[in-house]
Amino acid sequence: MSPPPSDRRPGRPGAGNPAPDPAYGGPAWRAQGGDEALAFVESPVQLLNVLEWAHASGQDPDRLTLVVLSPLDPMSRGQLRRMAELARGEGVEVRWEEARGGTAAPLATVRGLAPRLRAAARIVIGDPFSRYVQLLLALSRARDLVVVDDGTATVEFLAQLARGERLVRWHRRGGRRGARELLLAPVSAAARRRLTPGEGNPRIEVFSAMPVDAAPEGLALTRNTLAWTRARFGPPRLTGGADLVGTSLVETGVVDEDRYRDAVRALVRAHGVTRYFAHRRESAAKLRHLTDGTGLEVVRPDLPLELTARRGPTGRTLLSFPSTVVHTLPLALAGTGVRIAVLDIDPEWLTGHASPRAQGFLSGVTSSARAAHRLTSVPLNP
């Protein structure tokens, strides 16, 4: 895949490339030039990882169609449009679907995609928990299914698949299911069966940068090293001081907002944090509160953080709460001299609405990042 003209950077084979992880193989199968591949994405990170998969697998970009099932929030839409430009620069066909633009939109989207779904030899998805994607999978006859990273949710997806559980996002509270969940339960169950390796099912590959402890037998794991990102962008110019990576844990109801604001202010005082890279789902009101009295500069990236940090300028130290980026940034920034440190979530910060699994899941994200990438831990008040 050739780089887009506006973002071409000289690739340096082997420069800063992480060592291979023995837990992962190479590509489960080399993509065949004549195979039609159809990818469904709903977030900028999913789109990035489709490009990473195509780069790693050798998928012919002229035979790849990328379907954006557009979300409603403006920040996600903006980043997706920028990522779509990069994908088109790689020679990939991008189809933008206003899949949530009214009550008739889902049915119109499914009808419009049905011929492509039936013809595609390979389906690539970024979010197996998405009911939209699960419905589209039911119409597919593809012999190959590829799941690319949608952040930490990929780890939970594999664990649930290995345990034979229904697919539920980790931050959802347990208990009784609502009417919508019950109505869509057959669709979710059918998707889980289709995503489980077995006779008569498609070949399943998971292309991931995340550490995987459990996966069903017969499922192929391929390591995502963010090689496309490193080849196309950077290395970045480094600034002094520290940058902080924001999180949407408040918006998802996991972490109390007051506790989170106090933690950010403590980091500003203790570690000289000057910039805050906002998550695309963080509310404007919350970000205003974070800047009150701190002098903190809030940055709203127009691309996923892996690309933003790689392009620079980037602080010599990047601090992050539990998040996908504690696993992806060490890969994207390998060999650049940027120090990445992780921050634990205090159990007292969790809200009463947080899932019972939240604390264990979040602590697992940080501990696995320390083990995999030798990251350091940073206290709020050293």
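Bear in mind that the values here come from a model prediction, so they are computed numbers and not experimental data. (Residues numbered from 1 in each chain as written. Predicted model: local features only at pLDDT ≥ 70, side-chain atom pairs only at ≥ 80, totals over all residues. Heavy atoms only, no water.)

1. Quick notes on the environment of Gly295
Residue position: Gly295 is located in the loop between helix 9 (284-291) and strand 10 (297-299). Taking C-alpha positions, Gly295 is 8.9 Å from Val268, a pair spaced 27 residues apart along the chain. (Helix = DSSP H or I, 4+ residues; strand = E, 2+ residues; numbered from the N terminus.)

2. Notes on the sheet that holds strand 6 (residues 203-208)
Taken in spatial order, the seven strands of this open sheet run 3-2-1-4-5-6-7, and their pairing is parallel. Both edges of this open sheet fall to strand 3 (93-97) and strand 7 (220-223), since each of them pairs with a single strand only. Strand-to-strand twist of the sheet, defined as the mean angle between neighbouring strand axes without regard to direction, takes the value 20°. Across four bridges, strand 6 lies against strand 7 in parallel orientation. (Pairing = 2+ DSSP bridges. Axes fitted to C-alpha atoms, helices over the stretch in contact; angles between N-to-C directions.)

3. Let's talk about helix 3 (residues 105-119)
Its 15 residues give helix 3 an end-to-end C-alpha distance of 22 Å, which sits within 8% of 21 Å, the value for a rise of 1.5 Å per residue. At Leu113, helix 3 shows its maximal kink, close to 45°; a proline, Pro115, follows between one and four residues later. The complete set of buried residues in helix 3 reads Ala105, Thr109, Val110, Leu113, Ala114 and Leu117. Looking at the buried positions of helix 3, the neighbouring elements they touch are strand 1 (37-41), strand 2 (64-69), strand 3, strand 4 (122-125) and helix 4 (131-138). (Expected span 1.5 Å × (residues − 1). Bend = angle between axes of the 7 residues up to and from the residue. Buried < 20%, exposed > 50% of the residue type's maximum accessible area, 1.4 Å probe, protein only. Contact = heavy atoms within 4.5 Å.)

4. Here's the deal with the sheet that holds strand 10
Ordered by their spatial adjacency, six strands build an open sheet running 10-9-8-11-12-13, and the pairing between neighbours is parallel. Looking along the sheet, the strands with just one partner apiece sit at the ends: strand 10 and strand 13 (376-377). When strand 11 (residues 314-320) meets strand 12 (residues 339-342), the two strands line up parallel, connected through four bridges. Bridge pairing in strand 12 links Ser320 to Val342.

5. Remarks on the nonpolar core
Residues Phe40, Leu69, Ile123, Ile125, Leu136 and Phe157 are the most contacted members of the largest nonpolar core, which totals 29 residues. If you list the elements that add at least two residues to this core, you get strand 1, strand 2, helix 3, strand 4, helix 4, strand 5 (144-148), helix 5 (153-163) and strand 6. Apart from residues lying up to four places away in sequence, Leu69 is in contact with Phe40, Val41, Glu42, Glu97, Ala99, Arg100, Thr109, Tyr132, Val133 and Leu136. Listed in part, the 28 residues of the second largest apolar core include Trp53, Leu66, Leu86 and Val148. (Core = buried A, V, L, I, M, F, W, Y, C linked by side-chain atoms within 4.5 Å.)

6. Concerning the pattern of salt bridges
Evaluated as defined, the whole model comprises 19 salt bridges. Among the salt bridges present, the one from Glu85 reaches Arg82, with a minimum N-O distance of 3.2 Å. Of this pair, Glu85 and Arg82 both sit in helix 2 (residues 74-89), three residues apart, which is roughly one turn of the helix. Residue Glu85 is classed as partly exposed on the basis of its relative accessible area, which comes to 45%. A salt bridge links Glu97 to Arg95; its shortest N-O distance comes to 2.6 Å. We classify Glu97 as buried; its relative accessible area is 12%. (Salt bridge = Lys/Arg side-chain N within 4 Å of Asp/Glu carboxyl O.)

7. Section: the packing of aromatic side chains
With the rule as written, the count across this model stands at four aromatic pairs. Ring geometry for Phe129 and Phe157: centres 6.4 Å apart, planes at 80°, overall edge-to-face. With Phe129 in the loop between strand 4 and helix 4 and Phe157 in helix 5, this pair connects stretches of sequence that are 28 residues apart. Its relative accessible area of 4% is what places Phe129 among the buried residues. Here Phe157 falls in the buried class, since its relative accessible area comes to 0%. Between Trp228 and Phe233, the aromatic rings sit 5.8 Å apart at their centres with planes inclined by 75°, giving edge-to-face as the arrangement. Phe233 shares its class with Trp228; the two are buried. Through a chain of ring-to-ring contacts, three or more aromatic side chains come together here, namely Tyr260, Phe321 and Trp349. (Phe/Tyr/Trp six-rings, centres within 6.5 Å; stacked < 30°, edge-to-face > 60°.)

8. A closer look at the confidence of the model for the protein
Scored by pLDDT, the protein comes out at a mean of 85, with 86% of its residues at no less than 70. In this model residues 2-23 is a low-confidence stretch, pLDDT under 50, and it forms 31 contacts with partners more than four residues away in sequence or in other chains. (pLDDT = per-residue confidence, 0-100.)

9. Here's the deal with the packing of helix 11 (residues 325-332) against helix 12 (residues 358-373)
Interaxial distance between helix 11 and helix 12 falls to 9 Å at its minimum, and their mutual angle equals 25°. Regarding the angle of helix 11 to helix 12, the classification is roughly parallel. Residue-level inspection shows Val326, His327, Pro330 and Leu331 of helix 11 in contact with helix 12, the latter providing Val365, Ser368, Ala369 and His373. The residue inventory of the contact of helix 11 with helix 12, partitioned by class, reads five nonpolar, three polar and no charged. (Parallel < 35°, antiparallel > 145°, perpendicular 65-115°, else oblique. Nonpolar A, V, L, I, M, F, W, Y, C, P; charged D, E, K, R; others polar.)

10. Quick notes on the side chain of Thr317
Topologically, Thr317 is positioned in strand 11. Excluding its chain neighbours within four sequence positions, the residues that come into contact with Thr317 are Gly241, Ala242, Asp243 and Arg339.

11. With respect to the environment of Ala138
Of note, Ala138 is situated in helix 4. Here Ala138 falls in the exposed class, since its relative accessible area comes to 56%.

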